Amino acid sequence: MLRFRSLGSGSSGNATLVEATSGLLTTRLLIDCGLGIRRLERSLAAEGLSAGDLDAVFITHEHSDHVGCARALALRARLPVHMSAGTHAALRERDFDGLLRVARDGEAIDLGALQVTPFAVPHDAREPLQLHCTDGAVRLGVLTDLGHVNEHVLAHLAGCRSLVLECNHDEEMLAGGPYPWFLKRRVGGDWGHLANSAAAQAARTLQAQGLQQVVAAHLSERNNTPDLARAALAEALGCGQEDIHVASATLGCGWLTA
Ligand SMILES: [Zn+2]
Ligand SMILES: [Zn+2]
């Protein structure tokens, strides 16, 4: 069984917990650690878990809303930390005390009951990776922090039954919003963040390849609303807005079965 929940999602911090169970074996992966360590530990404790119950951490890229407390958490519980060589280089002298595991585009990582495959995405970071994971039966994709969806991304997400999908901004809200022009250009550009419309288009393409459940994530607090993200995805997928999950900045979302 494969299940997942966001512990918080947005520019103020991201963390997603993925849990695979096979027989007596349970494997837990934390994707990104962009929350303060106290908040993260509180979120885990609410699930009856501590850092020691995790098996690994995966850091998608070096932006602070994703790295956060990764080092402190990893060292405290002696957890392996997976990230690309570029992400590690961008963090500069972040020493992980032998816990660093270098992740590469397209190279599967076996974590026990969970197998993870990272893939490269277009985003303004050194070597950002997003990922899909499987318990051997179903596949979950995690896709945030990218400026546009390309063939490489779609190829990696084909066959995912569930997807955590960036719906960063509504294009009109971004254009008419308070950001200075250079920031609008960065966020809306090919190496920035995914608009609702682009996310909806990707979801529709992936629906034809088995996608059944979408969680909108990494919503901008200034340039988007949960209702706009939900409406864009529901229209593209031909489902009700109530069928679309939205991960909130502070609470994330509840457990979902992939
Ligand atoms: Zn981010
Ligand atoms: Zn980023």
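Everything below is about the structure shown above.
Because the structure is predicted, anything quoted here is derived from the model rather than measured.

> Explain the pairing of strand 10 (residues 139-143) to me, using residue names and the numbers behind them.
Extensive coverage of strand 10 is indicated by the burial of 4 of its 5 residues. Examined bridge by bridge, strand 9 (residues 129-134) and strand 10 share 4 bridges and lie antiparallel to one another. Of the residues in strand 10, the one forming a bridge with Cys133 is Leu140. A loop of 4 residues connects strand 9 with strand 10, the two strands running antiparallel in sequence, and Gly136 in this loop sits at a positive phi of about 100 degrees.

> Please provide a residue-by-residue account of the sheet that holds strand 10, values included.
A sheet is described by the order of its strands in space; here 7 strands give the open sequence 7-8-9-10-11-12-13, paired in mixed fashion. In this open sheet, the two strands that pair with only one neighbour each are strand 7 (109-110) and strand 13 (245-246). Contacting strand 11 (162-166), strand 12 (213-217) and strand 13, helix 9 (residues 226-237) runs over the sheet at an angle of about 150 degrees to strand 12.

> Can you tell me about unusual backbone geometry, naming the residues and giving the values?
Residue Asp32 is not a glycine yet carries a positive backbone phi of 70 degrees. With respect to the helices and strands, Asp32 occurs in the loop between strand 3 (25-31) and helix 1 (37-46). For His218, which is not glycine, the phi torsion reads 55 degrees and is therefore positive. Note on placement: His218 falls in the loop between strand 12 and helix 9.

> I'd love a proper account of the side chain of His169, names of residues and values included.
Secondary-structure assignment places His169 in the loop between strand 11 and helix 6 (171-176). One polar contact links His169 to Asn168, side chain to side chain, over a distance of 2.9 Å. Apart from the residues within four sequence positions on either side, His169 is in contact with Leu174, Val187, Gly188, His193, Leu194, Ala195, Asn196, Asn223 and Asn224.

> With reference to specific residues and values, describe the coordination of the zinc ion (ligand 2).
In this structure, His61 (NE2), His63 (ND1), His123 (NE2) and Asp145 (OD) serve as the protein donors to the zinc ion (ligand 2), at separations of 2.2 to 2.4 Å. One can describe the site at the zinc ion (ligand 2) as irregular: its 4 donor atoms subtend angles covering 90 to 167 degrees at the metal. Written as a sequence motif, the donor arrangement for the zinc ion (ligand 2) is H-x1-H-x59-H-x21-D. The two metals, the zinc ion (ligand 2) and the zinc ion (ligand 1), are separated by 3.6 Å and share Asp145 as a common coordinating residue. One end of the pair, His63, is in the loop between strand 4 (56-58) and helix 2 (64-67); the other, Asp145, is in the loop between strand 10 and helix 5 (151-157), with 82 residues separating them in the sequence.

> Go over the side chain of Thr134 with me, naming the residues and quoting the values.
Checked against the element boundaries, Thr134 lands in strand 9. Here the side chain of Thr134 touches Gly136 through a polar contact of 2.9 Å, landing on its backbone nitrogen. Polar side-chain contacts of Thr134 include one of 2.7 Å to the backbone oxygen of Val138. If near-sequence neighbours (up to four positions away) are discounted, Thr134 is found in contact with Leu2, Ala113, Leu114, Gln115 and Arg139.

> Provide a residue-level description of the sheet that holds strand 1 (residues 2-8), including the pertinent values.
Strand order in the open sheet formed by 7 strands is 6-5-4-3-2-1-14, and the pairing between neighbours is mixed. On the outer flanks of this sheet lie strand 6 (100-103) and strand 14 (256-257), each paired with one strand and no other. Of the strand pairs in this sheet, strand 3 and strand 4 are connected by 3 bridges, and their pairing is parallel. By the bridge assignment, Leu29 is partnered in strand 4 with Ala56. Each of strand 1, strand 2 (15-22) and strand 3 touches helix 1; the most contacted strand, strand 1, lies at about 140 degrees to it.

Cut-offs and rules
- Residues numbered from 1 in each chain as written.
- Chains lettered and ligands numbered in written order.
- Predicted model: local features only at pLDDT ≥ 70, side-chain atom pairs only at ≥ 80, totals over all residues.
- Heavy atoms only, no water.
- Buried < 20%, exposed > 50% of the residue type's maximum accessible area, 1.4 Å probe, protein only.
- Helix = DSSP H or I, 4+ residues; strand = E, 2+ residues; numbered from the N terminus.
- Pairing = 2+ DSSP bridges.
- Contact = heavy atoms within 4.5 Å.
- Axes fitted to C-alpha atoms, helices over the stretch in contact; angles between N-to-C directions.
- Polar contact = N/O pair within 3.5 Å; in protein donor to acceptor, adjacent residues only side chain to side chain.
- Donors = N, O, S within 2.8 Å, 3.2 Å for Na, K, Ca; no water.
- Tetrahedral: all angles 85-135°; square planar, octahedral: opposite > 155°, others 65-115°.

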